[in-house]
Structures are given as C-alpha cells and as structure tokens.
Amino acid sequence: MNLKLVLVAACALIDVDGRVLIAERPTGKPMAGLWEFPGGKVDEGERPEETLIRELNEELGVIIQEACLAPLTFASHSYADFHLLMPLYICRRWEGMVTPREGQRLAWVWPNRLRDYPMPQADEPLIPHLTALL
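Residues numbered from 1 in each chain as written. Predicted model: local features only at pLDDT ≥ 70, side-chain atom pairs only at ≥ 80, totals over all residues. Heavy atoms only, no water.

Asker: Let's hear about the pairing of strand E1 (residues 4–13): which residues, and what values?
Answerer: Counted residue by residue, E1 has seven buried out of ten residues, so it is predominantly covered. The pairing of E1 with strand E4 (residues 39–41) spans three bridges and is antiparallel. Residue pairing in the sheet places Ala 9 in a bridge with Gly 40 of E4. (Buried < 20%, exposed > 50% of the residue type's maximum accessible area, 1.4 Å probe, protein only. Helix = DSSP H or I, 4+ residues; strand = E, 2+ residues; numbered from the N terminus. Pairing = 2+ DSSP bridges.)

As structure tokens, this is what we get:
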C-alpha cells in the first residue's frame, strides 16, 4: 500500500523552568481536541527549520532564530490515508511573548506530565526523548 508521505516539522519550546509548550488542536481541524507540539506542514522547497520559524511566528507570535533550533528526534507514523514523517526540534530561546494567535489553547507542561494530555499517535513516541532530555 502506497501512502502519501507528509512532512511536518514540530518544535518543543522549553521555558526557563524546563516545561514544554503544547497546543490543543482547535475544533474543525483533523484530530481536534488532541494536544501537540507546535509546528506545521513543510511547504514545497522549504526546509523544516524555515517551516518552524514561519509557523511559530504565525501560530504563537514568537520570533525564532534558526541557530536556536536543535533537532532532537523524529516520528514516523502511518495513519489510514497518509504516512507522517515529523522531525522534532527543541528551542529554548525566542523573542516575544507566546500568544495563541489561532484560538488554540496552550499549556506549559512538565515533561513527566505530557502523557496526561491526549496526543496524536505520532506525537506519543516523542515524549520519552523529552523526558530523558529534561
């Protein structure tokens, strides 16, 4: 079975206390109500780092320098109608206040509490990597 490959970049913003930012998918979007790491689909001709700089500014109103993005791990998961490949970056430095610009709920969560939030299946294997790091 050939599934369409979808490349999505995600970022774990980490605050000075070591908490991770997650966002709830809003009503009307696929997987609404599930919590995820901010980011988005990589556009044609775009690098994942460029995607995160663009998406985190659009979604959260923060400015991130590429040098502040560090790749941590990735997820590879088959859904019913596509296969998701998702690199996860971490970022500890940004400019601006994190603001939910798309009506999404946000939560700063201790890594050992991430499993308390329902997440898409592709995001769940990323949690141990963050727990080990932080």
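Back to the write-up after that little detour.
Asker: Run through the pattern of salt bridges, naming residues and quoting values.
Answerer: Applying the stated criterion to the full structure yields eleven salt bridges. Note that Glu 36 is salt-bridged to Arg 25, the shortest N-O span being 3.1 Å. Within this pair, whereas Glu 36 is found in strand E3 (residues 35–36), its partner Arg 25 is found in the loop between strand E2 (20–24) and E3, the two being separated by eleven residues in sequence. Residue classification places Arg 25 among the buried positions, given a relative accessible area of 17%. For Glu 58, the salt bridge identified is with Arg 54, shortest N-O distance 3.9 Å. (Salt bridge = Lys/Arg side-chain N within 4 Å of Asp/Glu carboxyl O.)

Asker: Give a description of the layout of surface pockets that names residues and reports values.
Answerer: Regions of empty space are outlined by a rolling probe, equal in size to a water molecule, passed over the atoms. By volume, the largest pocket amounts to about 560 Å³. Lining the largest pocket we find 26 residues, and of these Val 8, Arg 25, Glu 36, Gly 40 and Lys 41 sit closest to its centre. Where the lining of the largest pocket is concerned, the elements lending two or more residues are E1, E2, E4 and strand E6 (82–91). With four residues, the top contributor of residues to the lining of the largest pocket is E1. (1 Å grid on protein atoms, 1.4 Å probe; cavity = no way out; pocket = protein on both sides within 12 Å on 5 of 7 lines; lining within 4 Å. Points joined across faces, edges and corners; volume = space filled by probe spheres on them.)

Asker: Lay out the environment of Val 8 with the relevant residues and their values.
Answerer: Locating Val 8 in the fold gives a position in strand E1. Non-local contacts of Val 8, meaning those with residues more than four positions away in its chain, are made with Gly 40, Lys 41, Val 42, Leu 84, Leu 85, Met 86 and Pro 87. (Contact = heavy atoms within 4.5 Å.)

Asker: Describe helix H1 (residues 48–60), with residues and values.
Answerer: Compared with an ideal rise of 1.5 Å per residue, which puts 13 residues at 18 Å, H1 spans 17 Å between its outermost C-alpha atoms and is within 8% of the ideal. Residues of H1 that are buried make contact with E1, E2, E4, strand E5 (69–78), E6 and strand E7 (106–109). Gly 61 occupies a position one or two residues after H1 and carries a positive phi of about 70 degrees. (Expected span 1.5 Å × (residues − 1).)

Asker: Could you give an account of the pairing of E5, naming the residues involved and the relevant values?
Answerer: Bridge count between E5 and E6: nine bridges; the pairing is antiparallel. The residue bridging Leu 69 from the neighbouring strand is Cys 91, located in E6.

Asker: Give a detailed account of the packing of aromatic side chains, specifying residues and quantitative values.
Answerer: Tallied over the full model, the rule gives three aromatic pairs. Here Trp 35 and Tyr 117 contribute two aromatic rings whose centre-to-centre distance is 5.2 Å and whose plane-to-plane angle is 75 degrees, an arrangement assigned as edge-to-face. Within this pair, whereas Trp 35 is found in strand E3, its partner Tyr 117 is found in the loop between E7 and helix H2 (127–133), the two being separated by 82 residues in sequence. A relative accessible area of 6% places Trp 35 in the buried class. Both rings, one in Trp 94 and one in Trp 108, keep their centres 6.1 Å apart while their planes meet at 15 degrees; by these two values the pair is stacked. With Trp 94 in the loop between E6 and E7 and Trp 108 in strand E7, the pair connects residues that are 14 residues apart, well separated along the chain. On the basis of relative accessibility, which here comes to 22%, the residue Trp 94 falls in the partly exposed class. What makes Trp 108 partly exposed here is its relative accessible area of 29%. Here the guanidinium or amino end of Arg 19 rests over the ring plane of Trp 110, the centre of that ring lying 5.9 Å away. (Phe/Tyr/Trp six-rings, centres within 6.5 Å; stacked < 30°, edge-to-face > 60°. Lys NZ or Arg CZ within 6 Å of the ring centre and 35° of its normal.)

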